[in-house]
Each structure stands twice: as structure tokens, then as C-alpha cells.
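Architecture at a glance
Spelled out from the first residue to the last, the chains are:
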Amino acid sequence: MPGGLPHRGIAPEPAGPARPVIMGVLNVTPDSFSDGGRYLDFDDAVSHGEQMGAEGADLIDVGGESTRPGAERVDAATEIARVVDVVAALSERSLAVSIDTTRAAVAAAAIDAGASVVNDVSGGLADPDMSRVVADTGALWVLMHWRGHSSDMQRLARYENVVADVKAELEDRVEAALDSGVDRSKLILDPGLGFAKSAEHNWRLSAHLDEFVALGYPVLFGSSRKSYLGGLLEDASGKPRPVGRREAATLATSVLAFEAGVWGVRVHDVAGTADARAVWLATRRAR
Ligand code: PMM
């Protein structure tokens, strides 16, 4: 477990495979593709975070800017105003919080309010000050594979070999993080499904998750409700499965990711994922 992320409960873990972390998504935005607009209100956001904690989330991932393809950016002050009180309230309730941001100023404000993980979908590329904030505070840092902001990221979805290229680009981000003084024990890697990736790219990355695990860093996997699942499950007229009905497919991808050895999954449906994790763990421990 990198950096000693607190696990809920005090019972010692039985010997065997590590229990994967569940990161519950809490988007405090008007426009995220799945839960946009639902948790802009402070009380709604905090109670949803608490509910995910009660359902088995190890981490609540609070985000104040949508990264949906084509989304327009908000300014840093707006992003901070959306997230900081929610982060403080969840931290006060002893929930571990990650801040989903590409901006150093937002990460610093959230860490100040109690966040212990920076979930940076740009892998440090969007803001040159991010590595300093992470190094100075000792926060864990999720380096996700990214090639550009949401407004034009689908144009950037060109690869020779998506698995090899994403691995190499993530390794470059690791080198940059280490060079700027971040401890290797603080790093978590994420192949970044849907970020400058076609559906085919997402399937290839999912099929080769074990190669990312083999890089030697904890791996986070984020497939929850993404459009490649909607496309897979299109109806007879070719209409994609709507976002709200992609949960069973998401769970299947999470179990496959557990089997590939990931450190954690980032999901909207924490209760279902916690059940799936219990099934996977019981099965693994019975081997
Ligand atoms: N996906 C989204 C946002 N943040 N962070 C990580 N580390 N990995 C992801 O795959 C990821 C992310 C987009 O999904 P959302 O709009 O449901 O938050």
C-alpha cells in the first residue's frame, strides 16, 4: 500500500492477495458526464461522500472540474470554491480524500483542507508546480496517462502501439516526478481510459493491465460508466447503452482489473463494487 493509505476497519487483513482500494467518485461539477449537477450543493456532496464511505469506499475522489470530452475549463478560483469545503467536511468525518485536479493551487488548497491524495489526470503535465506541491506535502500522487485537455483530446488518440506507447509515456511522467524530488513510494499509475483513447484503445489497455502492474507501481483503473461500455452494449438500432445503465458492465471490468493485480478502481457505484471485491477476495483466498 503506497504511503500507508488508511484502510477502513481495524481487523488485520488475512494473508493473501491485497484488498483492492475502492475510490468513490464525487464530482462537484455541473457537467460531468455521469454525475454532473447532482452534487453541486454542499450538503448533497457531503452526504453522498459519507454514503460511499459507509458502502466501502476507501477514498473519496472529489473533483471540481469536468474532464468529459469537449468540456470547457473553469478557472482555479471556481474549482477551489467548489471542492474545498467538501474536502474539509469529509476529512473531518475521517474519510480519506483524493482531489481530482490538474492544478497545483487546487491540490494545495485541498491538501490543506485534509486531502491525502492528488489524482492528477494530466500526470503532472498540465501544471509545472504540481510536483512541488506533492513533494512538499508528502501526498500520494496518481499519475494518469494524458495527452491534452478535454477540449481536443480525442484528436490526440493516435498510437503506434497503444499499450507500449502509454506505458512509455507514463514512465516519462514517473521520471519527471522522481527528478523533481517526489518519493517513488508516493506514485500511483493510471492508463487513463477514455482520455485521448478510442474504444479499441480502452479494450487493449484493459486486456494488458498486467503489463502496467509489472512496471512496479500501484495501478489505478477507471472504467466506470465510460462511453466504450455504452458502445459495447448498444441496442439493436445502434444506440449506445445510456450512462445510468452501464453498472453491470463496469463491475465486470473492475473484477477483471482486480484479477490483473491493480491497486484500486475508481467507480461511481461503490456498494456494487464492494460486493464484487468481496467475491473476488473470497475466491482468491480459497485458491
Ligand atoms: N476518469 C475521469 C476523471 N478522473 N481519474 C483517474 N485517475 N482515472 C480516470 O479514469 C478518471 C479520473 C472521468 O470520469 P468522471 O467524469 O466520471 O469523473
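Overview of the structure. (Residues numbered from 1 in each chain as written. Predicted model: local features only at pLDDT ≥ 70, side-chain atom pairs only at ≥ 80, totals over all residues. Heavy atoms only, no water.)

1. A look at helix H10 (residues 270-285)
For H10, built from 16 residues, the straight-helix expectation of 22 Å at 1.5 Å per residue is met to within 8% by its first-to-last C-alpha distance of 22 Å. Within the sequence span of H10, burial applies to Val270, Gly272, Thr273, Ala274, Ala276, Arg277, Trp280 and Leu281. Of the surrounding secondary structure, the elements contacted by the buried residues of H10 are strand E1 (21-27), helix H1 (42-55), helix H9 (247-260) and strand E8 (264-267). The N-capping residue of H10, defined by a side-chain oxygen 3.5 Å from the backbone nitrogen of Ala271, is Asp269. (Helix = DSSP H or I, 4+ residues; strand = E, 2+ residues; numbered from the N terminus. Expected span 1.5 Å × (residues − 1). Buried < 20%, exposed > 50% of the residue type's maximum accessible area, 1.4 Å probe, protein only. Contact = heavy atoms within 4.5 Å. Polar contact = N/O pair within 3.5 Å; in protein donor to acceptor, adjacent residues only side chain to side chain.)

2. A short note on the sheet that holds E8
Sheet architecture is open: eight strands sit in the order E6-E5-E4-E3-E2-E1-E8-E7, paired in parallel fashion. Bordering the open sheet on either side are strand E6 (187-190) and strand E7 (220-221), each of which pairs with just one other strand. The sheet strands contacting helix H2 (residues 76-92) are E1, strand E2 (59-63) and strand E3 (97-100), and the helix crosses E2 at an angle near 160°. (Pairing = 2+ DSSP bridges. Axes fitted to C-alpha atoms, helices over the stretch in contact; angles between N-to-C directions.)

3. Notes on the pattern of salt bridges
In this structure the tally under the stated criterion is 12 salt bridges. Across the pair Asp61 and Arg266 runs a salt bridge whose closest N-O atoms are separated by 2.8 Å. Highlighted residues: Asp61 in strand E2 and Arg266 in strand E8, separated in sequence by 205 residues. Across the salt bridge formed by Arg132 and Asp136, the nearest N and O atoms sit 3.9 Å from each other. Here Asp136 and Arg132 lie together in helix H4 (residues 130-137), a separation of four residues that amounts to about one turn. Under the relative-accessibility criterion, Asp136 is labelled exposed at 59%. Salt bridges linked by common partners bring Arg19, Asp58 and Arg277 together as one network. (Salt bridge = Lys/Arg side-chain N within 4 Å of Asp/Glu carboxyl O.)

4. Side note on unusual backbone geometry
Notably, Ala196 is not glycine yet its phi reads approximately 55°, a positive angle. Mapped onto the elements, Ala196 comes out in the loop between E6 and helix H6 (199-207). The exposure class of Ala196 is buried, given its relative accessible area of 1%. A positive phi angle is found at Arg225, which is not glycine, with a value near 60°. When you line up the elements, Arg225 lands in the loop between E7 and helix H8 (227-232).

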